[in-house]
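# Structural characterization, general
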Amino acid sequence: MSYEPVIGLEVHAQLATQTKIFCGCSAEFGAEPNTHVCPVCLGLPGALPVLNREVIEKAIRIALAVGCNIQPRSRFLRKNYFYPDLPKGYQISQFQSNDEMPLATEGGIEIPTKNGPKKSA
Ligand SMILES: [Zn+2]
């Protein structure tokens, strides 16, 4: 029996927005702890997120830069789980499958290898 190693990477990027993605709190780095928070980003009961338009505009720009297809409709999902540094108990995210309606699909970057260029998935 032989095995083929398959390695996947989850890459995160921070968009250079003035405010956070789901509230009006400053996204500035280096502030004093607990100074850029509100009921929404603390996940307090009854506080509902509002999507930051600047995030979508910048996300579409990077998606187009890597050859993605921008979807006409998109949605975010709330993933509920416990994690020690996530006291509110959930994360708002998008999944990559088309059924889950991410903002952009396909696309990728070309990586030079000794066997010629290879396109990322
Ligand atoms: Zn906030």
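Above: the structure in question.
Overview of the structure. Quantities reported herein were computed from a predicted structural model and do not represent experimental measurements. (Residues numbered from 1 in each chain as written. Predicted model: local features only at pLDDT ≥ 70, side-chain atom pairs only at ≥ 80, totals over all residues.)

This part takes up the overall build of the chain. Counting its secondary structure elements, the chain contains two helices and six strands. Its C-alpha radius of gyration of 18 Å places the chain more than 25% over the 14 Å reference for a compact globule of 121 residues. Its C-alpha atoms give the chain principal-axis dimensions of roughly 50 × 40 × 35 Å. Counting over 121 residues, the chain shows a buried share of 2%. (Helix = DSSP H or I, 4+ residues; strand = E, 2+ residues; numbered from the N terminus. Rg over C-alpha atoms; globule rule 2.2 N^0.38 Å. Buried ≥ 20, exposed ≤ 12 C-beta atoms within 10 Å, placed from the backbone.)

Before going further, it helps to spend a moment on unusual backbone geometry. For M101, which is not a glycine, the phi torsion comes out positive at approximately 60 degrees. Position of M101 among the secondary structure elements: in the loop between β3 (90-93) and β4 (104-106). Residue classification places M101 among the partly exposed positions, given that 16 C-beta atoms sit within 10 Å.

What follows deals with helix α2 (residues 53-65). Here α2 is 13 residues long and its end C-alpha atoms lie 19 Å apart, about the 18 Å a rise of 1.5 Å per residue gives. Phi for G67, located one or two positions after α2, is positive at around 80 degrees. (Expected span 1.5 Å × (residues − 1).)

A word on the environment of F22. The topology assignment puts F22 in the segment before α1 (39-42). Once you skip the residues sitting within four places of it in the chain, F22 turns out to touch V40, C41, P49, V50, L51, N52 and I92. (Contact = placed C-beta atoms within 7 Å.)

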